[in-house]
Amino acid sequence: MTERIRELIRKLERERSLPEAEYAELVRDRDEEAAELLAALAAEKRKAVFGNAVYIRGLIEISSICKNNCLYCGIRQGNPCAERYRLTAEEILACANEGAGLGFRTFVLQGGEDPYYTDERLSGIVRAIKERHPDCAVTLSMGERSRESYEALYVAGADRYLLRHETADPGHYALLHPREMSFENRMRCLRDLKELGYQTGTGIMVGSPYQTPEILAKDLKFIETFRPEMCGIGPFIPHRHTCFRDEPAGTLELTLFLLSVIRLILPEVLLPATTALGTIHPRGRELGILAGANVVMPNLSPVGVRKKYELYDNKICTGEESAQCRDCLEARMRPIGYRLVTDRGDAPVWKREPART
Ligand code: SAH
């Protein structure tokens with residue numbers, strides 16, 4: 001590692017911020033030694049805030065039907081080969097009940113942008129989960145909606161919302177998304193979610209097509225200034241039925257590096273070691289935790305639909321029962337010195353009064 005890179009890492013640790021050009025430099029000129037130093041500093045920070053706790057969130061993939069056509073995504077509307085399904089309210093509740101029995105206190109409802117889930121239907125589902133499990137947090141990850149819709153869902157009891165910004169560069173955004181979608185609307189959604197009082201998550205795919213160190217620098221600056229409570233980053237993995245089928249997947253190395261950088265920028269952020277990371281490397285999630293992540297998201301979807309929620313090729317955890325997924329992660333965390341905790345795990349910085357009426 002050059003003296004310059006060591007200096008940038010020390011500055012990042014001290015100031016939790018770098019000018020955009022220096023973020024780009026750090027990403028561009030990184031090496032193994034730099035990654036090791038960053039990971040050690042990130043582990044220190046995470047330990048100071050969270051000890052050796054790793055939070056679990058139960059992921060329920062509620063629909064593979066999507067009206068959007070994101071170029072990278074296996075369940076894009078334009079993929080005629082995608083197998084489509086949609087869970088009923090009863091099925092979603094059954095997943096949450098099973099999860100609650102296994103100790104989960106957060107349920108993440110994720111899906112394509114499926115018009116079936118109107119505000120009324122989705123609010124009803126959120127209410128039912130919160131009535132049945134008042135001590136649990138509900139996180140939604142259902143894509144772009146109107147401010148009114150986000151507000152209705154918040155009033156219904158949703159606590160958190162995950163909406164990756166995907167890229168902070170408008171030109172890059174346009175290369176990954178169809179013309180009907182816009183960077184401006186994505187940003188509008190994120191602003192609305194935050195203003196309404198959601199604990200808000202954003203993030204990117206690492207190694208998405210056309211991504212450069214300069215673009216990643218913009219992402220890091222966006223994450224630094226937006227201050228999300230959660231940040232989902234995982235490698236891009238090509239899906240065989242998309243136009244990015246021949247693009248290379250994002251690397252383990254760069255994903256781990258960025259996890260450490262983000263931990264230094266936002267020591268209190270909830271940062272998952274994603275399923276995509278576990279897909280590109282057999283120990284990807286363990287390595288993600290060691291690099292600074294502090295959340296894992298075992299799958300609680302009914303086993304029969306898991307293969308159909310195929311955002312990318314070779315997704316792991318599609319065959320096991322929910323209890324097995326949980327036990328598997330527990331068994332992966334223990335030997336590396338971490339323990340799964342079952343409390344809600346709200347963001348520690350979370351102090352805003354809920355605006356529900
Ligand atoms: N419809 C919701 C949920 C999308 S799926 C939304 O728009 O937010 C959740 C995330 O999976 C996406 O934000 C994207 O970053 C990621 N994803 C999609 N396709 C992927 C791929 N081919 N490789 C890796 N991650 C992918």
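Everything below is about the structure shown above.
About the criteria used
- Residues numbered from 1 in each chain as written.
- Predicted model: local features only at pLDDT ≥ 70, side-chain atom pairs only at ≥ 80, totals over all residues.
- Heavy atoms only, no water.
- Axes fitted to C-alpha atoms, helices over the stretch in contact; angles between N-to-C directions.
- Helix = DSSP H or I, 4+ residues; strand = E, 2+ residues; numbered from the N terminus.
- Parallel < 35°, antiparallel > 145°, perpendicular 65-115°, else oblique.
- Left-handed = near helix turned anticlockwise from the far one by under 90°.
- Contact = heavy atoms within 4.5 Å.
- Nonpolar A, V, L, I, M, F, W, Y, C, P; charged D, E, K, R; others polar.
- Phe/Tyr/Trp six-rings, centres within 6.5 Å; stacked < 30°, edge-to-face > 60°.
- Buried < 20%, exposed > 50% of the residue type's maximum accessible area, 1.4 Å probe, protein only.
- Lys NZ or Arg CZ within 6 Å of the ring centre and 35° of its normal.
- Near = heavy atom within 4 Å.
- Polar contact = N/O pair within 3.5 Å; in protein donor to acceptor, adjacent residues only side chain to side chain.
- Areas by Shrake-Rupley, 256 points an atom, 1.4 Å probe, with all protein chains shown as cover.
- Pairing = 2+ DSSP bridges.
- Salt bridge = Lys/Arg side-chain N within 4 Å of Asp/Glu carboxyl O.
- Expected span 1.5 Å × (residues − 1).
- Arc of directions from axis to C-beta.

Here helix α2 (residues 20–28) crosses helix α9 (residues 213–226) at 125 degrees, and the two axes come no closer than 8 Å. Taken together, the axis directions place α2 and α9 in an arrangement best described as oblique. Handedness of the crossing formed by α2 with α9: right-handed. Where α2 approaches α9, its residues Glu20, Tyr23, Ala24, Val27 and Arg28 are matched on the opposing element by Pro213, Glu214, Leu216, Ala217, Lys218, Leu220, Lys221 and Glu224. Counted by class, the contact of α2 with α9 contains seven nonpolar, no polar and six charged residues.

Counting across every chain of the model gives nine aromatic pairs. Residues phenylalanine 50 and tyrosine 55 carry aromatic rings whose centres are separated by 5.9 Å and whose planes lie at 80 degrees to one another, so their mutual orientation is edge-to-face. Of the two residues examined, phenylalanine 50 and tyrosine 55, each falls in the buried class. Taken together, a centroid distance of 5.2 Å and an interplanar angle of 85 degrees make the contact between tyrosine 116 and tyrosine 117 edge-to-face. Taken together through their ring pairs, the aromatic side chains of Tyr150, Tyr154, Tyr161 and Tyr198 make up a single cluster. The ring of tyrosine 116 is capped by arginine 121, whose NZ or CZ atom sits 4.0 Å from the centre of that ring. Here the guanidinium or amino end of lysine 194 rests over the ring plane of phenylalanine 226, the centre of that ring lying 4.9 Å away.

Here we take up the site of the ligand. Tyr72, Gly111, Arg164, Glu166 and Ile237 are the nearest of the 17 residues found near the ligand. Side-chain polar atom of glutamate 166 to an oxygen atom of the ligand: 2.5 Å apart, as the coordinates give it. Between the ligand and isoleucine 237, the relevant distance is 2.7 Å, taken from a nitrogen atom to a main-chain nitrogen or oxygen of the residue. Contact with the protein chains removes 91% of the 550 Å² of surface that the ligand exposes when unbound. Of the residues belonging to the shell around the ligand, the class tally is 10 nonpolar, four polar and three charged.

As a further point, take the sheet that holds strand β6 (residues 199–206). On the basis of which strands lie adjacent, the open sheet formed by six strands has the order β2-β3-β4-β5-β6-β7 and parallel pairing. Two strands close off the open sheet at either side, each with one partner strand: β2 (58–63) and β7 (230–235). Averaged over neighbouring strand pairs, the angle between their axes works out to 20 degrees when direction is ignored. Across five bridges, β2 lies against strand β3 (residues 106–111) in parallel orientation. Bridging from a neighbouring strand, serine 63 pairs with glycine 111 of β3. On the sheet, helix α8 (residues 183–196) packs against β5 (160–162) and β6 and is oriented at approximately 150 degrees with respect to β6.

A few words now on the environment of glutamine 77. Residue position: glutamine 77 is located in the loop between β2 and α4 (89–101). With a relative accessible area of 48%, glutamine 77 lands in the partly exposed category. Between the C-alpha atom of glutamine 77 and that of glycine 112, which follows or precedes it by 35 residues, the distance is 9.1 Å.

This next bit is on the pattern of salt bridges. On inspection of all chains with the given rule, the structure shows 30 salt bridges. Here arginine 14 and glutamate 15 are joined by a salt bridge, their closest N and O atoms 3.9 Å apart. Residue arginine 105 is joined to aspartate 135 by a salt bridge in which the shortest nitrogen-to-oxygen separation is 3.0 Å. Placement of the pair is arginine 105 in the loop between α4 and β3 and aspartate 135 in the loop between α5 (119–132) and β4 (137–141), with a sequence separation of 30 residues. Its relative accessible area of 22% is what places arginine 105 among the partly exposed residues. Each member of the salt-bridge network shares a partner with another, and the members are Arg4, Glu7, Lys11, Glu22 and Glu25.

The next subject is the side chain of threonine 202. In this fold, threonine 202 is placed in strand β6. Judged by its relative accessible area of 2%, threonine 202 falls in the buried class. Within the structure, threonine 202 has its side chain in polar contact with the backbone nitrogen of histidine 165 (distance 2.8 Å). In contact with threonine 202, other than residues within four places in its own chain, are Leu163, Arg164, His165, Leu190, Phe222, Phe226, Pro228, Met230, Cys231 and Gly232.

Before going further, it helps to examine helix α3 (residues 32–50). Under the 1.5 Å per step criterion, the end-to-end length of α3 is 26 Å for 19 residues, consistent within 8% with the ideal 27 Å. Here α3 has its buried residues at Ala34, Leu37, Leu38, Ala39, Leu41, Ala42, Lys45, Arg46 and Phe50. In this fold, the buried residues of α3 make contact with α1 (3–15), β1 (53–56), α10 (252–265) and α12 (284–291). A distance of 3.2 Å separates the backbone nitrogen of glutamate 33 from a side-chain oxygen at the start of α3, and that oxygen is part of aspartate 31.

What follows covers α4. Between its terminal C-alpha atoms α4 stretches 18 Å, which fits the 18 Å expected from 13 residues at 1.5 Å a residue. Turning to α4, its buried residues are Ile92, Cys95, Ala96, Gly99 and Ala100. Viewed end-on, α4 has its buried residues packed into an arc of 135 degrees, placing them on one side of the element. The outward face of α4, more than 90 degrees from its buried face, is lined by the exposed residues Glu90 and Gly101. Phi turns positive one or two residues past the end of α4, at glycine 103, with a value near 100 degrees.

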